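Now for the letters of each chain:
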Amino acid sequence: MNAIQRKKFEELDLNNEFFDSLKADYPGFEKWFLRKAEDEQSAYVLEDNGLQGFLYLKEEKEEDSSITPHFELKRRLKVGTFKVNAHGTKVGDRFIKLIIDEMYRKKYESLCDNIRQT
């Protein structure tokens with residue numbers, strides 16, 4: 001199995017069918033993706049007979065009292081976008097380990113995500 005690699009957004013093909021569900025589910029995904037490419041941001045990807053996984057992490061340091069529980073002002077690792085093609089492998093587990101490793105290596109105080117359930 002191929003290794004998860006860090007790639008710049010500009011190196012990825014937004015027209016790849018892997019991104020179709022993200023474009024369908026999240027209005028503005030294409031604009032967001034192009035803005036990240038323009039800002040020279042990168043994401044973790046797994047390519048194995050096509051794109052199989054994508055993970056965008058970012059650091060945030062803010063507070064938010066409009067949500068419950070309230071976010072106090074602290075440095076957080078944010079899981080911005082995370083998608084894997086599940087097909088009976090441990091791909092998702094590998095990405096979760098990467099998130100945890102990143103959190104501890106860079107000593108983040110907290111972890112947050114943008115997970116939406118339908």
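Residues numbered from 1 in each chain as written. Predicted model: local features only at pLDDT ≥ 70, side-chain atom pairs only at ≥ 80, totals over all residues. Heavy atoms only, no water.

Student: Tell me about the side chain of Ser-42, residues and numbers included.
Tutor: The topology assignment puts Ser-42 in strand 2 (residues 42-47). A polar atom in the side chain of Ser-42 sits 2.7 Å from the side chain of Arg-6. The residues touching Ser-42, leaving out its near neighbours within four places in the chain, are Arg-6, Lys-7, Lys-8, Phe-9 and Tyr-56. (Helix = DSSP H or I, 4+ residues; strand = E, 2+ residues; numbered from the N terminus. Polar contact = N/O pair within 3.5 Å; in protein donor to acceptor, adjacent residues only side chain to side chain. Contact = heavy atoms within 4.5 Å.)

Student: I'd love a proper account of the pairing of strand 4 (residues 71-84), names of residues and values included.
Tutor: Strand direction decides the pairing type here: strand 3 (residues 51-64) and strand 4, joined by 11 bridges, are antiparallel. The residue bridging Glu-60 from the neighbouring strand is Arg-76, located in strand 4. What sits between strand 3 and strand 4 in their antiparallel hairpin is a turn of 6 residues. (Pairing = 2+ DSSP bridges.)

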